[in-house]
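Structural description and commentary
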Amino acid sequence: MTHVEDELSSQPECWRRAAALAPGHRTALPAPGERVAVVGCGTSYFMAQAVAALRETAGAGETDAFAASEFPAGRSYDRVIALTRSGTTTEVLDLLTRLRGTTRTTALTADPNTPVMGAADAVVLLDFADERSVVQTRFATTALTLLRAHLGLHPDSAVADARAALAADLPEGLVSCEQFTFLGRGWTVGLANEAALKMREASLSWTEAYPAMEYRHGPISITTENRATWMFGEPPEGLAEQVRATGGRWVAGALDPLAELVRAQRLAVAVAAARGLDPDSPRHLTRSVILSP
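All of the points below concern the structure found in this document. (Residues numbered from 1 in each chain as written. Predicted model: local features only at pLDDT ≥ 70, side-chain atom pairs only at ≥ 80, totals over all residues. Heavy atoms only, no water.)

This part covers the overall build of the protein chain. Helix and strand counts for the protein chain come out as 10 helices and nine strands. Overall, the C-alpha framework of the protein chain stretches about 55 × 40 × 40 Å when taken along its three principal axes. For the protein chain, the proportion of its 293 residues judged to be buried stands at 57%. Sequence separation of at least 24 residues holds for 71% of the intrachain contacts in the protein chain that already meet a minimum separation of 6. Surface exposure of the protein chain reaches about 12,300 Å², of which carbon and sulfur atoms provide 50%. (Helix = DSSP H or I, 4+ residues; strand = E, 2+ residues; numbered from the N terminus. Buried < 20%, exposed > 50% of the residue type's maximum accessible area, 1.4 Å probe, protein only. Contact = heavy atoms within 4.5 Å. Areas by Shrake-Rupley, 256 points an atom, 1.4 Å probe, with all protein chains shown as cover.)

Judged by pairing direction, the sheet is parallel, and its five strands sit side by side in the order 2-1-3-4-5 without closing on themselves. At either margin of the open sheet sits one strand with a lone partner, and together these are strand 2 (63–67) and strand 5 (122–125). Adjacent strand axes in the sheet meet at a mean angle of 20°, parallel and antiparallel pairs treated alike. Its contacts with the sheet put helix 6 (residues 138–150) on strand 3 (79–83), strand 4 (104–109) and strand 5, and the angle it makes with strand 4 is roughly 135°. (Pairing = 2+ DSSP bridges. Axes fitted to C-alpha atoms, helices over the stretch in contact; angles between N-to-C directions.)

So, on to the packing of aromatic side chains. Under the criterion given, the structure shown has eight aromatic pairs. Summarising the aromatic geometry, the rings of Phe66 and Tyr77 are spaced 6.4 Å apart at their centres and angled 70° between planes, so their arrangement reads as edge-to-face. Here the residue Phe66 occupies a position in strand 2, and Tyr77 occupies one in the loop between strand 2 and strand 3, the gap between them amounting to 11 residues. Assessed through its relative accessible area of 14%, Phe66 is described here as buried. Where Trp230 meets Phe232, the ring centres are 6.1 Å apart and the plane angle is 20°; that geometry is what we call stacked. Here Trp230 and Phe232 have matching classes, each one buried. Ring pairing ties together the aromatic residues Phe66, Phe71 and Tyr77, which thus form one cluster. (Phe/Tyr/Trp six-rings, centres within 6.5 Å; stacked < 30°, edge-to-face > 60°.)

Our next topic: the sheet that holds strand 7 (residues 206–211). Taken together, four strands build an open sheet; the order of strands is 7-6-8-9 and the sheet is parallel. Only two strands of the sheet have a single partner each, and these edge strands are strand 7 and strand 9 (249–251). The mean inter-strand angle of the sheet, taken between neighbouring strand axes irrespective of direction, is 20°. For strand 8 (residues 227–231) and strand 9, the ladder comprises three bridges, and the chain directions are parallel. The partner of Ala228 across the bridge, within strand 9, is Arg249.

What follows is about the pattern of salt bridges. Enumeration according to the criterion identifies 12 salt bridges in this entry. Here Glu260 makes a salt bridge to Arg263, at a shortest N to O gap of 3.1 Å. Of the two residues, Glu260 and Arg263 both sit in helix 10 (residues 257–274), three residues apart, roughly one turn of that helix. On the basis of relative accessibility, which here comes to 1%, the residue Glu260 falls in the buried class. The class of Arg263 is buried, set by a relative accessible area of 13%. Among the ionic contacts, a cluster of salt bridges with common partners joins Glu34, Arg79 and Arg104. (Salt bridge = Lys/Arg side-chain N within 4 Å of Asp/Glu carboxyl O.)

Moving on to the pairing of strand 2. Consecutive side chains along a regular strand alternate between the two faces of the sheet. When you tally the buried positions in strand 2, you get four out of five residues, the bulk of the element. In terms of strand pairing, strand 1 (residues 36–40) meets strand 2 through five bridges, oriented parallel. What sits directly across from Val39, in strand 2, is Phe66.

See the structure below:
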């Protein structure tokens, strides 16, 4: 078993622990009404997108998501939340340094022995969700679970759905598809973006991701036989029928959307195996991007 397979399989237990920890981190996490930005890089940026949409939809306060390198200079926030598994990502550390003394910051990280511990005003440590793999799975979803629980939006069914996502066979024939598109709405747009990234990283697949209502505005033109469109959450009316009419394969998301991401992670590993690739050694990637001064 690869590291990534082992780690993604542990997600139900990691989510259970994260949800239980959330009340103890209340003061480090955004209070209702605060104006918040959530930042990260790569996978963490896509989790930031999901958190921002969840928080705004819940009426907890205006919330934006940015890649750490694209944080708008001069914009005022009550708090900035930084997601960083390694605690060493250059863009995140640079941003936290710039914000020190002007904006409250909280970092969610997996490693207590990294610079982020001193760079942020507060730290939420999820060391039980740390990973050996380059390709992120459990840390990202565990951090999102903690923030989801903090908002009161973590359903009891999520952990059970994650177990179901690990136990059930992938849809027959899906692994052999030549192209994959992931769609989301609201907070699941970030999950769709992350699913596509997992497919690129682990299996070098041609993958795309869009807000579901945008799919008709051009992207559906690539849909045809032996290509799959996977929906995270409730689809727009009529979209499944339109995809099927192209000859493309429609994959409905029947589980909690975060558990659907677990299914997509499994697909990425399965496609990698089918292509003779090692998902623990993704091409051109390292566990953390650390840039020279």
